[in-house]
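Structural overview
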Amino acid sequence: MTVTLTVDCGGGSIRATVLDAAGTQHAPPVRVPTPYPLPPERLAATIADLAARLPAADRATVGMPGMIRHGVVVSTPHYVTVAGPRTAVRPDLAEAWADRDMAALLTEALGYPTLVLNDAEVHGAGVIAGTGVELVLTLGTGLGSALFDGGALAPHLELSHAPVRRATTYDDWLGAHARRLLGDGMWSRRVREAVADLRPVFRWDRLYLGGGNARRITPRALAALGDDVVVVPDSAALAGGVRAWELRRTA
């Protein structure tokens, strides 16, 4: 039976577990704070250290923030900074991450095939039904997104960088920093407004809201989102690691 190491790399922490083909965890997840500064080699070493604390695996799925194409980093928002989210960008780190083949680096570090995707795409793999147009939005350090059509993964769009409300971005509008400043009530209102704004853009059949902050949406805001919106557990970010290997691509 194939066993998959699944790693969820966030702006604040990196967590991992191992799952069998049925999605059953073979060990409780392990977690460490995301270390900064974080060049690609340090991320690979951190993931290898987590893997060493877990049962042996045959392959790995790694979800990380940013735009990832075929395992290669086009851009990543937090790992190019001095000390994590909302700190200054280090030019040397931006250069180190640009066009870095993380699938190849992690395959070498772990010693088995490694699939590297945007973290919202892995999250989506764990929850989508595989029919119709399905959008996944993850509410964490920032806003993650993944789009699926009939179970096939569409090319990644950095929706988090789109301007909203006086030229701020969705990352700033809906991210963890905004939630802490506003409180859950006002922040939940923003979530509701964002869903209303995006509905005519995507015309989804189902929208899934996940990530660590999805559980902070107030009942009043949830009731206003509509029957085509579902809140899913943050555990899907790890559970999707097995199913991610089966994803087809629309392009």
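For the structure itself, consult the block above.
Residues numbered from 1 in each chain as written. Predicted model: local features only at pLDDT ≥ 70, side-chain atom pairs only at ≥ 80, totals over all residues. Heavy atoms only, no water.

What follows covers unusual backbone geometry. The step from Tyr 36 to Pro 37 runs through a cis peptide bond, and the omega angle for that step is -5 degrees. Within the fold, Pro 37 resides in the loop between strand S3 (30-33) and helix H1 (40-52). Although it is not a glycine, Arg 86 sits at a positive phi angle of roughly 70 degrees. Even without being a glycine, Asp 99 presents a positive backbone phi close to 60 degrees. Looking at the secondary structure, you find Asp 99 in the loop between helix H2 (91-97) and helix H3 (102-110). With relative accessibility at 62%, the residue Asp 99 sits in the exposed group. (Helix = DSSP H or I, 4+ residues; strand = E, 2+ residues; numbered from the N terminus. Buried < 20%, exposed > 50% of the residue type's maximum accessible area, 1.4 Å probe, protein only.)

Under the 1.5 Å per step criterion, the end-to-end length of helix H7 (residues 184-202) is 26 Å for 19 residues, consistent within 8% with the ideal 27 Å. Arg 203, located one to two residues past H7, shows a positive phi value of around 50 degrees. (Expected span 1.5 Å × (residues − 1).)

Moving on, we come to the pairing of strand S13 (residues 206-210). Counting buried positions along S13 gives four out of five residues, so the element sits mostly inside the fold. Here strand S8 (residues 133-139) pairs with S13 via five bridges, running parallel. Paired with Thr 138 across the bridge in S13 is Gly 210. Strand direction decides the pairing type here: S13 and strand S14 (residues 229-231), joined by three bridges, are parallel. Across the sheet, residue Tyr 208 finds its bridge partner in S14, namely Val 230. Handedness of the crossover joining S13 and S14 through helix H8 (residues 219-225) is recorded here as right-handed. (Pairing = 2+ DSSP bridges. Right-handed = clockwise from strand over helix to strand, strands pointing away.)

Read from one edge of the open sheet, five strands run S3-S2-S1-S4-S7, paired in mixed fashion. Only two strands of the sheet have a single neighbouring strand rather than two, namely S3 and strand S7 (114-118). In this sheet, adjacent strand axes meet at a mean angle of 15 degrees when their direction is disregarded. As judged from the four bridges shared by strand S2 (residues 13-19) and S3, these two strands associate in the antiparallel manner. Bridge pairing links Ala 16 to Val 30 in S3. (Axes fitted to C-alpha atoms, helices over the stretch in contact; angles between N-to-C directions.)

Locating Thr 2 in the fold gives a position in the segment before strand S1 (4-9). Measuring from C-alpha to C-alpha, the distance between Thr 2 and Asp 20 comes to 6.0 Å, with 18 residues separating the pair along the chain. With near-sequence residues (within four places) excluded, Thr 2 lies in contact with Leu 19, Asp 20, Ala 21, Asp 58 and Arg 59. (Contact = heavy atoms within 4.5 Å.)

Time to look at the nonpolar core. Core analysis: the largest hydrophobic core is formed by 35 residues, its most contacted members being Leu 5, Cys 9, Leu 43, Met 64 and Met 102. Contributing elements (two or more residues each) for this core: S1, S2, S3, H1, strand S4 (59-64), H2 and H3. Apart from the residues within four sequence positions on either side, Cys 9 is in contact with Ile 14, Leu 43, Ile 47, Val 62, Gly 63, Met 64, Pro 65, Tyr 79 and Asp 119. Counting 22 residues, the second-largest nonpolar core is a separate cluster that includes Trp 173, Val 191, Phe 202 and Trp 204. (Core = buried A, V, L, I, M, F, W, Y, C linked by side-chain atoms within 4.5 Å.)

Inspection of the entire model under this criterion finds two aromatic pairs. Measuring from ring centre to ring centre gives 6.4 Å for Tyr 36 and Tyr 79, while their planes differ by 50 degrees; the resulting arrangement is tilted. On the criterion of sequence distance, the pair formed by Tyr 36 in the loop between S3 and H1 and Tyr 79 in the loop between strand S6 (72-75) and H2 is long-range, its members being 43 residues apart. As far as burial versus exposure is concerned, Tyr 36 and Tyr 79 are alike and both buried. Aromatic pair Tyr 79 and Trp 97: ring centres 5.8 Å apart, planes at 40 degrees, arrangement tilted. Highlighted residues: Tyr 79 in the loop between S6 and H2 and Trp 97 in helix H2, separated in sequence by 18 residues. Note on Tyr 79: relative accessible area 0%, which makes it buried. These aromatic residues form a ring-pair network of at least three members: Tyr 36, Tyr 79 and Trp 97. One Lys or Arg, Arg 190, reaches over the ring of Trp 173 and ends 3.6 Å from the middle of that ring. (Phe/Tyr/Trp six-rings, centres within 6.5 Å; stacked < 30°, edge-to-face > 60°. Lys NZ or Arg CZ within 6 Å of the ring centre and 35° of its normal.)

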